[in-house]
Every structure is written in C-alpha cells, then in structure tokens.
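Architecture at a glance
Below are the chains, spelled out letter by letter.
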Amino acid sequence: MTSKGPEEEHPSVTLFRQYLRIRTVQPKPDYGAAVAFFEERARQLGLGCQKVEVAPGYVVTVLTWPGTNPALSSILLNSHTDVVPVFKEHWSHDPFEAFKDSEGYIYARGAQDMKCVSIQYLEAVRRLKVEGHRFPRTIHMTFVPDEEVGGHQGMELFVQRPEFQALRAGFALDEGIANPTDAFTVFYSERSPWWVRVTSTGRPGHGSLFIEDTAAEKLHKVVSSILAFREKEWQRLQSNPHLKEGAVTSVNLTKLEGGVAYNVVPATMSASFDFRVAPDVDFKAFEEQLQSWCQAAGEGVTLEFAQKWMHPQVTPTDDSNPWWAAFSQVCKDMNLSLEPEIMPASTDSRFIRAVGVPALGFSPLNRTPVLLHDHDERLHEAVFLRGVDIYTRLLPALASVPALPSDS
Ligand SMILES: CSCC[C@H](NC=O)C(=O)O
Ligand SMILES: [Zn+2]
Ligand SMILES: [Zn+2]
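Let us look at the structure shown here. (Residues numbered from 1 in each chain as written. Chains lettered and ligands numbered in written order. Predicted model: local features only at pLDDT ≥ 70, side-chain atom pairs only at ≥ 80, totals over all residues. Heavy atoms only, no water.)

Pairing between the strands of a sheet is mediated by backbone hydrogen bonds and can be parallel or antiparallel. Spatial ordering of the open sheet is given by β4-β5-β17, a layout of three strands whose pairing is antiparallel. The open sheet has two edge strands, β4 (99-100) and β17 (378-380), and neither has a second partner. One ladder, built from two bridges, connects β4 with strand β5 (residues 105-107); its direction is antiparallel. Each residue of the ladder has a partner; that of F99, found in β5, is Y107. Together, β4, β5 and β17 form the strand contacts of helix α10 (residues 381-398), whose direction differs from that of β17 by roughly 70°. (Pairing = 2+ DSSP bridges. Helix = DSSP H or I, 4+ residues; strand = E, 2+ residues; numbered from the N terminus. Contact = heavy atoms within 4.5 Å. Axes fitted to C-alpha atoms, helices over the stretch in contact; angles between N-to-C directions.)

Between helix α6 (residues 215-239) and helix α7 (residues 283-297), the least distance of the axes is 8 Å, while the angle of their chain directions is 145°. In terms of crossing hand, the pair formed by α6 and α7 is right-handed. Contacts from K218, K221, V222, S225, I226 and F229 in α6 reach F286, W293, C294, A296 and A297 in α7. Along the lines of polarity and charge, the residues of the contact of α6 with α7 split into eight nonpolar, one polar and two charged. (Left-handed = near helix turned anticlockwise from the far one by under 90°. Nonpolar A, V, L, I, M, F, W, Y, C, P; charged D, E, K, R; others polar.)

Another point: the environment of M269. Along the chain, M269 falls in strand β13 (residues 268-277). Residues M269 and L219, 50 residues apart in the sequence, show an inter-C-alpha distance of 7.2 Å.

In this section: the site of ligand 1. By nearness alone, every residue bordering ligand 1 is listed as E147, E148, G150, P193, W195, R276, Q307, A345, S346, R350 and H373. Contacts to ligand 1 include S346, whose backbone N or O atom sits 2.8 Å from a nitrogen atom. Considered on its own, ligand 1 offers 330 Å² of accessible surface; in the complex 88% of this is hidden by protein. The residue inventory of the shell around ligand 1, partitioned by class, reads three nonpolar, four polar and four charged. (Near = heavy atom within 4 Å. Polar contact = N/O pair within 3.5 Å; in protein donor to acceptor, adjacent residues only side chain to side chain. Areas by Shrake-Rupley, 256 points an atom, 1.4 Å probe, with all protein chains shown as cover.)

Right, let's get into the coordination of the zinc ion (ligand 3). Surrounding the zinc ion (ligand 3) are the protein donor atoms D113 (OD), E148 (OE), E148 (OE) and H373 (NE2), which sit 2.0 to 2.4 Å from the metal. What the four donor atoms of the zinc ion (ligand 3) show is an angle range of 57 to 144° at the metal, which sorts the shape as irregular. The sequence motif formed by the donor residues of the zinc ion (ligand 3) is D-x34-E-x224-H. A residue is classified by how much of its surface remains accessible, and E148, at 18% relative accessible area, is buried. (Donors = N, O, S within 2.8 Å, 3.2 Å for Na, K, Ca; no water. Tetrahedral: all angles 85-135°; square planar, octahedral: opposite > 155°, others 65-115°. Buried < 20%, exposed > 50% of the residue type's maximum accessible area, 1.4 Å probe, protein only.)

The subject of this paragraph is the packing of helix α1 (residues 11-20) against helix α3 (residues 115-130). What describes two packed helices is the angle between their axes and the distance between those same axes. Following both chains from N to C, one finds α1 and α3 inclined at 140°, their axes separated by 10 Å at the closest point. With respect to α3, the element α1 is oriented oblique. The chirality of how α1 crosses α3 is right-handed. Between α1 and α3, the residues in contact are S12, L15, F16, Y19 and L20 and K115, C116, S118, I119, E123 and R126, respectively. Along the lines of polarity and charge, the residues of the contact of α1 with α3 split into six nonpolar, two polar and three charged. (Parallel < 35°, antiparallel > 145°, perpendicular 65-115°, else oblique.)

Spelled out as structure tokens, the structure:
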C-alpha cells in the first residue's frame, strides 16, 4: 500500500496518529484516556471488551473477536500502552503531536515502541472482519499498562489472574524491534533482567589521611571485576559474527551512590548494575560468581537484587512448534525474511512465556532505524501500513492452526 497526500491520509494512519497523541508517558501515564480509546475501538469494531483492574488504576483492556471453535485455545495479541519519557528539547517536533513530514515520517514517542503495533493489530482485525472472515480460534487483543517500568503493575499481575486463564491463550505475539535492513527481527526468547546493588562498607575518617579498608576502595574492586566481565562478554560478541547481542550477557554500571563531603571518607558506598543475563547461562553459578567478586573485594561488601528474573523460556523456532510453522510460512509466502534473535531487553513476553504460553516478539517494521526510547522516534506511514498487511495475513494463519494436543 502506498502513502497518500495529507488530504487523503489512510484512515489507519489517522487512527495511529490519534492514539500517539494520548499522553501515556511515564512516569504519569494518562491510562484513562487509553482505556477509553480502546473501548471506543471495541464499540466501532463490534468486539467484546473487558477491563481488568490488576492494581488500583492499572487496567488491562481486552478486546475479543470470538472464533468459530471455542474448544480451541486462543491467539493473544499483546501490546503495552505506556511510553517512555522524552527530552523535548532534542526533538524536531512535539513528541505528542504525531507530526507527519512531507515524506510521510510520523514523529512521536511510541511511534515504534509500540503504539504502531496496537493499531496494526486493530486495523488488521477490522479489515478481516469487514471482509466477512471468521476463524476457528478466538483472537484476544490485550492492551496493558506499565511495561516500560517493568510490567509489575501490568502483565506480571495479569497472567496470575483468573481472567487471564479464561482467555485460554495458546500462543502470543508481543513487541519486537525495528530492523534497518529489508529483514524483520523476531524474538523467541529474552535475556533475564538482574538489577544488582552492591553496597560496600568500610572505615570512615578525615579526607586528608591514608585511611585503610575504605568503602570506596572495596567498591572499586567489585566495579573492576564486573566491568572486566563486561569487556569479556563484549569481546565474545565482537569476535563471533554468529552471535547476536541477546546471546551474550550484558551489564552496565548505572548508579553510584554515597559520600557527603569532599573531606569526609564515607563509611558506605554503593554501585548499581543492570545485568541482562543470556538464557543459556547457569543462573546459580552466575549468582555465585557475583557473590565471589564481592567477597574477593573484602569484608563488608554485600549485594542485593532489585530485580532478578529466574524463568527464561525459549519459544522453539522450528517446525516442531506449529505456531512457528504458521508464522514463518506466512512470512515465506510474503517474501519476508526473518532474523530470529534473543531480545536484548525485557518485555511482557517474559511473563507470558513463564506461564507456559509460547510467544514471539515481533514488530513488523523493516527498513526502519531503531529509534525506540530515542529522540525523534519516528515511523514511515508506508512501513506502518505494510505492517497492517502483514498482520492481515498472519492472523488468519495463526487463528486457523488446527487443534493441538495442548488444546484439549
Ligand atoms: C527489567 S524491567 C524494565 C523493562 C524495560 N522494558 C523496556 O524497555 C527494560 O529495561 O528492558
Ligand atoms: Zn515496548
Ligand atoms: Zn520500551
């Protein structure tokens, strides 16, 4: 589908831009407006609409297109409604205006991550419904809050609720990442987020003296050990062209805290690290490694976890997985080349996979620079519309996967 002039904008693009203007921006997202938006979509499309308040003020909206065979498990199309903050001064256009330039690029926070996908799902369903199709499996679209801050008040709670069980999800699609080449990235697993704070305690005193056994000196040792590990993983990634970012463990030092004055040696200091642990790592051994770096630094060095995901799951990407077979066959039929990878960051897919539902992370955005969380996040309207076409082919195939042993 080609893009059109401003006077004849494709209605799917107009809807996308409307949604982009809703300020669901962390840390104070306007979730009420987003829920109202999806309720209105349900009304217009004639879909079922259920609101599940998983925590006070945190509503998951579920839009449902029933299938013809209720005995079969359903297809879950998930998207989060919140977006990350902006540094407005670095943007060429107001990030909440959904400005479209003369070439067709739409600038907005959420243009890639992941308001595009929410509307692409809806517009594919609308098209299929208008054409009079019905499929054996029910399609549920879930619009969830809180993903950008960890999903703890969103999908993490939702998967534990009876309302989630009642959806009987057999397979899920969730977000991926844009791909600057002609290919499309698809994620079959994720690294596990481990957020670690190392606290070091030591002898305090006057800043002019050679104090021994200081908190800073010991913290420095741990920081060095962890950054050396980081370098090792980086080299491993660099030296092997077959390894993709998600296949190695990453770590960044993201916070340093402590100290009160230039001339007072503090008794305590801490360093915080964002680890993303690759799915093939032995978690027990890795935690022991972290502990031993702390012990090697000296007395009074401890670590605590602010986040420690322990359930990495891999969705098979071979024909043993009928969902993958259906998904990849459509891509083949459409001449789309896929690059299966492990998601370097963390999405709601980890909660979905952890309750036993296979999931793929897929945002149908190729020929698009990766601008999620970046300044001037933008998406070309033609790429957006092509994504609607892709879901229009994927949904019939997925919702027609024949009965599986797991369905009974
Ligand atoms: C680990 S909880 C935070 C989740 C967040 N997700 C998107 O960016 C991320 O940092 O990956
Ligand atoms: Zn996202
Ligand atoms: Zn994000």
